[in-house]
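Breakdown of the fold
Spelled out from the first residue to the last, the chains are:
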Amino acid sequence: MTAVVLASGAVFVALAFAVGAVVAGLARFVPRSWFRASTPWALTILLPLACALTASLALFLPAPFGSCHCDAHDHHPHICFGHPALAQPLLVPASLVLAAWLVSVLPGVVRLAVGLLGSFRRIYAVRRLTPERVGETEVRFVDSGAAIAYTAGVRAPVIVLDRALWAALGERDREAVLQHERGHVDRADALTSLVLRACLALQPWLPWSLFERWQHAAELHCDRHAAERVGDPSAVAEALVSVGRLRAAHADTDPAHLGVFGASGLEDRVASLLEPGSAPGSARRNDVVAIVLPMLGVLALVMVWPGDLLHHAVETVLGLLHH
Amino acid sequence: MSSPPSPALGELETAVLDVLWSSPTALSVREVLTHVRRRPPLAYTTVLTVLDRLHGKGVVVREKEGKAYHYSPRVTREAWFGERAARALAGAAPGRDEAVLLAFLDSTERVDPQLLDKLSALIAARRGGTAK
């Protein structure tokens, strides 16, 4: 029984690695301008895990849901709950694959846990601040002296604004910043960020730049959403530059922490807003929900058909590797 | 006591607030003056100004008793320092590893003033083009 479960786990890891390598390889050659939407970038991180999960679950198929097929083959290992002894030859290699994976994910999981702890400490602190209303929106003001504006929290995201930043911005800039942050709240981007970071921690072979591309696309989306609400894309572009100027006045940036887009992130966002006819960004669509729900549908269909074929295909590949 | 506002306070304001926190009852300006330990001693008018400023910031409440105002802190010492700590933590620039946070502008992004000038010119040109 243990061999069946371990073999399924090893198949999960191996397939996530293989699909991840293909996806990351293709993504390197995709120009940024091809995918302005955030969902395709979230998909690049979720797809390898979805494929791996489908194949590894298919390995459990014949015994619990159908008749045992073990007498139909004699040229590869059999993974079947009815005859666990037949999967015995896979015990050692599967254990090695899983052990190597667990060791490789450890640093990422620790980093994620530390980041989560930092976020939750911040959210706890933010929730202690007195809420204030700006129009229809509830915000918390801080006196950081830095030009910061952010949205934090998964279940009930909170918008945080620096009081000095707010005072320095004009009326239209304020509206643009607020609507941009509301875009993050409506799209539940913090939830997506958490899920994608967790998926990346489990797939250390995927490059971090995939997450940064999602993040950049999410910012573009919220910029367009703000532009639609404010009614003028150039007003949002101007707000970005205004906040950038205030940020430059307090610059103490550590170059080691620069994202993949560096300064071009801001440039690209402004250029995207100024593009004639740029599509408005409707909020209220969470990337994880948009991807996971159809994926679960596909998974359910695969389990009905052609799950059994997938099961045999995986066994055949394992047989080729084993012999 | 209600949820505290937490503006930045000067050294003198903190010393006066400390006296109010140490007292179980509301204090007059003269009572505060006798309790506050400073070298050289403070003038009555200085304490009055400081209390007035603290009242203006919403940190203390005052009630008129006879001809003079009596002052008491609006928040407990614990609530005040809790709020200060929360503000400091909430106001820290977001780090790259914070899992559930999205900033308006990447706080780790280096912003070049020349780039900002170029972008401003781009926006102005676009506005000019639209206006035509």
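Residues numbered from 1 in each chain as written. Chains lettered and ligands numbered in written order. Predicted model: local features only at pLDDT ≥ 70, side-chain atom pairs only at ≥ 80, totals over all residues. Heavy atoms only, no water.

**Side note on a nonpolar patch on the surface**
All names here are of chain A. Stated formally: Within this analysis, patches are made of residues with over 30% relative accessible area and no salt bridge. Like charges are joined at 9 Å or less; nonpolar side chains (Val, Leu, Ile, Met, Phe, Trp, Tyr) at 5 Å or less. Only the protein chains shown count as cover for residues, and all accessible areas are computed by the Shrake-Rupley method using a 1.4 Å probe. The salt bridge criterion pairs a side-chain nitrogen of Lys or Arg with a carboxyl oxygen of Asp or Glu, the two atoms within 4 Å. Going along the chain from the N terminus, every DSSP run of H or I of four or more residues is numbered as a helix, and every run of E of two or more is numbered as a strand. Burial status follows relative accessibility: with a 1.4 Å probe on protein chains alone, a residue under 20% of its type maximum counts as buried, one over 50% as exposed, and anything between as partly exposed.
On the surface, L106, V110 and V114 cluster together to form a nonpolar patch covering roughly 280 Å² of accessible area. For V114, the location among the structural elements is in helix α4 (residues 91-128). Residue class for V114 comes out exposed when judged on its relative accessible area of 55%.

**Some words on the side chain of S234 of chain A**
As a reminder, the rule being used: What qualifies as a polar contact is a pair of N or O atoms within 3.5 Å, subject to a donor-acceptor requirement within protein and to the restriction that residues adjacent in sequence count only when both atoms come from side chains. Note on contacts: a residue pair qualifies if any of its non-hydrogen atoms lie within 4.5 Å across the two residues.
Along the chain, S234 of chain A falls in helix α9 (residues 233-249). Residue S234 of chain A is classed as buried on the basis of its relative accessible area, which comes to 7%. For S234 of chain A, the side chain forms a polar contact with the side chain of D232 of chain A, separated by 2.7 Å. In contact with S234 of chain A, not counting residues within four places along its chain, are L274 of chain A together with I123 and R127 of chain B.

**Some thoughts on the sheet that holds strand β1 (residues 27-28) of chain B**
Residues and elements named next belong to chain B. Our working definition: Following DSSP output, two strands are said to pair if at least two bridges run between them. Throughout, an axis means a line fitted to C-alpha atoms (over the contacting stretch in the case of helices), and angles, computed between N-to-C directions, take values from 0 to 180 degrees.
Across the sheet, 3 strands lie side by side as β1-β3-β2; this open sheet has antiparallel pairing. A strand with exactly one partner marks an edge of an open sheet, and here the two such strands are β1 and β2 (60-65). In this sheet, strand β3 (residues 68-73) lies alongside β2 in antiparallel orientation, the contact comprising 6 bridges. In the sheet register, V60 faces β3, and the bridge partner there is P73. The strands that helix α1 (residues 11-22) touches are β1, β2 and β3; relative to β3, the one it contacts most, it runs at about 85°. The sheet strands contacting helix α3 (residues 44-56) are β2 and β3, and the helix crosses β2 at an angle near 120°.

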